[in-house]
Amino acid sequence: MSFRLQVIICAAVLAVLALLIRMIWKKKIDLRYALPWLCLCVGMLILDFFPGITSWLAELMGVSLPINMMFFLGFCFCLLIIFMITMSLSRMGRKQKQLAQEMALLRRRLEEMESRTGAGENEEER
């Protein structure tokens, strides 16, 4: 990899890292959702500064070319993100169900209280 390409990759990753930190700071994204992206940026910076790591990892895992290793790591990262989103959706679905049930109970309780006070008012008017 040429030095010029390394500088471009480093600048792009640092820009994304700055954007992520700004979004966390302004509460536009939760830290738990930003953590995988922060780890990815740090990992990309490490691979950018030490390009031999990719070749070593590819050789260690039995992958023929370092670029194939990068595609494999990207695929694994995508699977991680999909799994995290699935967990988050499941959690939100449970919370939504619980909130709907609590709202129905509160609505029923309110209607019972209104029917009691409405019946009491009708008796006082007579």
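Keep in mind that what you see is a predicted model, and the values were worked out from it rather than measured. (Residues numbered from 1 in each chain as written. Predicted model: local features only at pLDDT ≥ 70, side-chain atom pairs only at ≥ 80, totals over all residues. Heavy atoms only, no water.)

To continue, consider the overall build of the protein. Broken down by element type, the protein carries 4 helices and 0 strands. Ordering the α and β elements of the protein from the N terminus gives α-α-α-α. For 126 residues, the compact-globule formula gives about 14 Å, and the C-alpha radius of gyration of the protein, at 27 Å, lies well above that figure. With respect to the three principal axes, the spread of C-alpha positions in the protein is 95 × 30 × 15 Å. For the protein, with 126 residues in total, the buried portion stands at 15%. Sequence separation of 24 or more characterises 49% of the internal contacts of the protein that already satisfy a separation of 6 or more. Summed over its atoms, the accessible surface of the protein is roughly 10,500 Å², and 69% of this surface lies on carbon and sulfur atoms. When the 15 basic and 11 acidic side-chain charges of the protein are each reduced to a single mean position, those positions are 12 Å apart. (Helix = DSSP H or I, 4+ residues; strand = E, 2+ residues; numbered from the N terminus. Rg over C-alpha atoms; globule rule 2.2 N^0.38 Å. Buried < 20%, exposed > 50% of the residue type's maximum accessible area, 1.4 Å probe, protein only. Contact = heavy atoms within 4.5 Å. Areas by Shrake-Rupley, 256 points an atom, 1.4 Å probe, with all protein chains shown as cover. Lys, Arg positive; Asp, Glu negative; His and termini not counted. Charge placed at Lys NZ, Arg CZ, Asp CG, Glu CD.)

Once that is clear, we can look at the pattern of salt bridges. Here the structure, examined in full by the defined rule, presents 1 salt bridge. For Arg108, the salt bridge identified is with Glu112, shortest N-O distance 3.5 Å. Of this pair, Arg108 and Glu112 both sit in helix H4 (residues 66–125), 4 residues apart, roughly one helical turn. Arg108 sits in the exposed class, given a relative accessible area of 53%. Given the relative accessible area of 34%, Glu112 is considered partly exposed. (Salt bridge = Lys/Arg side-chain N within 4 Å of Asp/Glu carboxyl O.)

As a volume, the largest pocket reaches approximately 400 Å³. Lining the largest pocket are 16 residues, with Leu40, Met44, Leu47, Met70 and Leu73 sitting closest to its centre. Where the lining of the largest pocket is concerned, the elements lending two or more residues are helix H2 (31–49) and H4. Among the elements that take part in the lining of the largest pocket, H2 stands out by supplying 7 residues, more than any other. Residue composition of the lining of the largest pocket, grouped by class: 12 nonpolar, 3 polar and 1 charged. (1 Å grid on protein atoms, 1.4 Å probe; cavity = no way out; pocket = protein on both sides within 12 Å on 5 of 7 lines; lining within 4 Å. Points joined across faces, edges and corners; volume = space filled by probe spheres on them. Nonpolar A, V, L, I, M, F, W, Y, C, P; charged D, E, K, R; others polar.)

The next subject is a nonpolar patch on the surface. A surface patch of nonpolar side chains, about 930 Å² in accessible area, is lined by Trp56, Leu60, Met61, Leu65, Ile67, Met70, Phe71, Phe72 and Leu73. At the level of elements, helix H3 (52–61) and H4 are the ones that each hand at least two residues to the nonpolar patch. Element by element, the count of residues in the nonpolar patch is highest for H4, at 5 residues. Looking at the secondary structure, you find Met61 in helix H3. (Patch = residues over 30% accessible without salt bridge, like charges linked within 9 Å, V, L, I, M, F, W, Y side chains within 5 Å.)

A complete count under the given rule lists 0 disulfides for this structure. This cysteine, Cys10, is not joined by any disulfide, and Cys41 carries the nearest cysteine sulfur, 11 Å off. Judged by relative accessible area, Cys41 falls into the buried class, the value being 5%. (Disulfide = S-S within 2.5 Å.)

Everything listed here is a matter of coordinates, which is why it stays silent on function.
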